[in-house]
Amino acid sequence: MSNEQREVILSVKHVDITFDKFKAVKDANFDIYKGETFALVGESGSGKTTIGRAIMRINPCSAGEILFEGKRISGKISKEEDRNVVRNIQMIFQDPAASLNERATIEYCVSEGLYNFHLYKDEEDRIAKVDHALESVGLLPEHKSRYPHEFSGGQRQRVGIARAMIMDPKFIVADEPISALDVSIRAQVLNLMNKLKAEKNLTYLFIAHDLSVVRFIADRIAVIHHGEIVEIADSETLFKFPVHPYTISLLSAVPMPDPVVERTRRAIVYDPSVLDQSGEKREMREIRPGHFVYCTNREYGDYEDKMLQMEREMA
Amino acid sequence: MDTENTNLFEFAAFDELESEHIAAPRYSYWKSVWRTFFKNKFTVAVAILLIFIVAFALIQPMKSGYSPTVTPNINNADMKFLKPGPGHIFGTDHVGNEVFDAVWAGARNSIIISFICTAINMLVGIPIGALWGFSKKMDKWMIEVYNIISNIPFLLLAMILSYVLGAGMRSLIITMTCTEWIFVAYFIRTQVMIIRDREYNLASKCLGTRTGTMIVKNILPYLISVIMTYISRQIPNLISYEVFLSYMGLGLGTTNASLGQTISMYTSYMKGYPHLFWIPVSVLAIISISLYIVGQKLADAADPRTHM
């Protein structure tokens, strides 16, 4: 499906986020289409979580705006819209041990959103909804009266997912939802997220640093480096035709479960000095349909050459 | 491997739902608090001693009807300065009254005052401190209010208030609460700031939880243990404040008994009849120390990390 026909659910336009004098995110631009999983990939400190939190309106934008279903949600908005945004955009947190209230029962943790918006007819209805939410993430209704510290990491993360899903959101910001989990249960949580996405017609913004996971779950990938989004493309395209030097170095670092390949693998170190140093302002340019790269005019020419070369090799 | 040997093994059934089951007995916070508290024999002994002393201090003066102004034996030299012994457990004082009655009547008022003051300070300080820690806007001006109030010399304030309001229980309570609450609030503010930005609070924010609910459900339950520690220090502190103020003549006045009043009254006989001084001081020490120990142990038990 070409991107023009698809409905944009969330768009981030020229967003800057600063903490005091430090610019954590510079000129971020991307659209997320309804029903897709959009991944934001970068090393730690690159600003990916900051963008996720700006969408959750925890971090304010210092410039630019964020639109959800065409309406601005950054900056000051009315109380009504605020409630609308909270109901429709939910977040799954990185550390399931830190993101649940240790002094509250699972029942309260999962009901919290219901209480805030009074999304239930009576007590019975609320309990039924909590039971249903717990069952949909593979937990048991008897877990309601338990406390978070009694659960394993994977179970806790599923409680976090149930708590977000009970609000019936349209859009989910998943901030490294599996990086704090045991390797053995990562697939379980990813499969659960995919199952819920299909059932509830959700859209995900999946924040990660692990490209192998992202390839498995994402439809499109944005690569972020030092607060700048450097490249956006379909995941297959990005893995096949990476053009930005940072993306190339990031892909070269992905480990392969193949000892022969691993022995010969050479990680490419990213060297920003190859970029255009003229000081010309960079912008997002579409090098191929749906494939964007953040560059100056001269860099665009270089990338075009690289692209043509790669396409020739593939053919 | 031999094919026959593999026949000795059987596939175990795997039930996914069964694997989610938690076998541990149900956890209840308060039950665990009490279990941890009662596990220590020494703590239980101190707690029983404390309950006994407090109950005795509250009941005994009602029976004895002691008042420093009632002195029926003042002209009876045989009744003055008797040594502790049978018939006069703690002996008698310079006006021929039972020291036993005087000490318990004093302890009663001191305990009542310190409990009331602690309750007021906590009830005012905790909600204000919780809001103060949460709101950056409020922090800006509250910190100035704190700077002003905390710089008022306590003794000066106590003197002025006792001149303006006169001596008595009311003025003493006002003296020990009108500025003390802000220290409680400041303490709570700092604690709230430490846990305010933890991830589970961000999660609540993302779910649209209001500040008030967040304070009650997310913040205060985490502070039970530190608040208990604070209370266990505050009550004995206020008892010594009361003793100090009464000793300085700024407390309950000469018509009411209090530990401070009693100690100050008997200090002049320290040389000749040291028991007059040391008995009320020991009672004060026992009350303060046992309150402190019980409070500390309760605070420890309230910390869920000790429940395992």
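Here the structure is shown first, and the text comes after it.
Summary of the structure given here.

Here is what the cut-offs are and how they apply
- Starting from 1, residues in each chain are numbered consecutively following that chain's sequence as written.
- In the order they appear in the text, chains get letters beginning with A and ligands get numbers beginning with 1.
- Only residues with pLDDT of 70 or above have their local features reported here, since the model is predicted, and side-chain atom pairs are shown and tallied only from 80 upward, although totals for entire chains, interfaces and linings are computed over all residues.
- Here a helix means four or more residues in a row that DSSP labels H or I, a strand means two or more in a row labelled E, and each is numbered from the N terminus.
- Counts of 20 or more other C-beta atoms within 10 Å of a residue's own C-beta define buried residues, counts of 12 or fewer define exposed ones, and intermediate counts define partly exposed ones; C-beta atoms are placed from the backbone.
- Contact between two residues is assigned when their C-beta atoms, built from the backbone, lie within 7 Å.
- For this classification, the nonpolar set comprises Ala, Val, Leu, Ile, Met, Phe, Trp, Tyr, Cys and Pro, the charged set comprises Asp, Glu, Lys and Arg, and every other residue, Gly included, is treated as polar.
- The pairing criterion is simple: DSSP has to find at least two bridges between the two strands.
- Core membership is restricted to buried Ala, Val, Leu, Ile, Met, Phe, Trp, Tyr and Cys residues, and these are joined into a nonpolar core through C-beta atoms within 7 Å.
- The axes used here are C-alpha line fits, helices contributing only the stretch in contact, and every angle between their N-to-C directions lies in the interval 0 to 180 degrees.
- Crossing handedness: left-handed means the near helix sits turned counterclockwise from the far one by under a right angle, and right-handed means the same turn made clockwise.

**Quick word on the overall build of chain A**
When helices and strands are tallied, chain A shows 11 helices and 12 strands. By principal-axis analysis of the C-alpha atoms, chain A measures approximately 65 × 50 × 40 Å. For chain A, with 315 residues in total, the buried portion stands at 40%. Pairs at least 24 residues apart make up 63% of the contacts formed inside chain A by residues separated by at least 6 positions.

**Things to note about the interface of chain A and chain B**
Often the size quoted for an interface is simply the accessible area lost on bringing the parts together. Each partner contributes to the interface: chain A provides 26 residues, whereas chain B provides 22 residues. Taken together, the elements giving at least two residues each to the side of chain A that touches chain B come down to helix 2 (79–88), strand 6 (89–92) and helix 3 (106–117) of chain A. Tallying contributions element by element places helix 3 of chain A first for the side of chain A that touches chain B, with 4 residues. Residues that form the side of chain A that touches chain B fall into these classes: 12 nonpolar, 8 polar and 6 charged.

**Describing the pairing of strand 3 (residues 37–41) of chain A**
All names here are of chain A. Counting buried residues along strand 3, 5 of its 5 residues qualify, which places the element largely inside the surrounding structure. Residues of strand 3 alternate between two faces, with Thr37, Ala39 and Val41 on one and Phe38 and Leu40 on the opposite face, all of them buried. Note that strand 3 and strand 9 (residues 220–225) share 4 bridges and pair parallel. Opposite alanine 39, over in strand 9, you have isoleucine 221 as the bridge partner.

**Side note on the sheet that holds strand 5 (residues 71–72) of chain A**
All names here are of chain A. Read from one edge of the open sheet, 4 strands run 2-1-4-5, paired in antiparallel fashion. Each edge of the sheet is formed by a strand with only one pairing partner; in this case those strands are strand 2 (22–33) and strand 5. Both strand 4 (residues 63–68) and strand 5 contribute to a ladder of 2 bridges, which runs antiparallel. Directly across from phenylalanine 68, in strand 5, lies its bridge partner lysine 71.

**Focus: the nonpolar core**
Counting 85 residues, the largest nonpolar core has Ala39, Ala162, Leu205, Phe206, Val214 and Ala222 of chain A as its most contacted members. Among residues more than four places away in sequence, those in contact with leucine 205 of chain A are Ile32, Phe38, Leu40, Gly52, Ile55, Val173 and Ala174 of chain A.

**Let's talk about unusual backbone geometry**
Residue and element names in this part refer to chain A. Its identity as a non-glycine residue notwithstanding, histidine 14 has a phi of 45°, on the positive side. Along the chain, the position of histidine 14 falls in strand 1 (residues 8–19). Its identity as a non-glycine residue notwithstanding, histidine 226 has a phi of 50°, on the positive side. Following the sequence through the fold, histidine 226 ends up in the loop between strand 9 and strand 10 (228–234). By C-beta crowding, histidine 226 is classed as partly exposed, having 16 other C-beta atoms within 10 Å.

**Considerations on the sheet that holds strand 8 (residues 203–208) of chain A**
Residues and elements named next belong to chain A. The 8 strands are arranged 6-7-8-3-9-10-12-11 in an open sheet whose pairing can be described as mixed. The sheet terminates laterally at strand 6 and strand 11 (283–288), the two strands that pair on one side only. Averaged over all adjacent pairs, the angle separating strand axes in this sheet is 20°, with direction ignored. As paired elements, strand 10 and strand 12 (residues 291–295) share 2 bridges and run antiparallel to each other. Directly across from isoleucine 232, in strand 12, lies its bridge partner phenylalanine 292. In the packing of helix 5 (residues 153–165) onto the sheet, the strands contacted are strand 6 and strand 7 (171–175), and the crossing angle to strand 6 comes to about 175°.

**Observations concerning the packing of helix 5 (residues 99–134) of chain B against helix 13 (residues 274–302) of chain B**
Describing two packed helices takes the angle between their axes plus the distance from one axis to the other. All names here are of chain B. Two elements in contact, helix 5 and helix 13, have axes separated by 10 Å at closest approach and are oriented at 35°. Considering the relative orientation of helix 5 and helix 13, their crossing is right-handed. Contacts from Val99, Val103, Gly106, Ala107 and Ile111 of helix 5 reach helix 13 at Leu276, Ile279, Pro280, Val283 and Ile287. Each residue belonging to the contact of helix 5 with helix 13 can be placed in one class, and the counts come to 9 nonpolar, 1 polar and no charged.

**What about the pairing of strand 12 of chain A?**
Residue and element names in this part refer to chain A. Most of strand 12 sits out of view: 5 of its 5 residues are buried. Alternating positions in strand 12 separate into two faces, His291, Val293 and Cys295 on one and Phe292 and Tyr294 on the other, with burial throughout. Bridge count between strand 11 and strand 12: 5 bridges; the pairing is antiparallel. Of the residues in strand 12, the one forming a bridge with arginine 285 is valine 293. From the end of strand 11 to the start of strand 12, which pair antiparallel, there are 2 residues, and glycine 290 there has a positive phi angle of about 80°.

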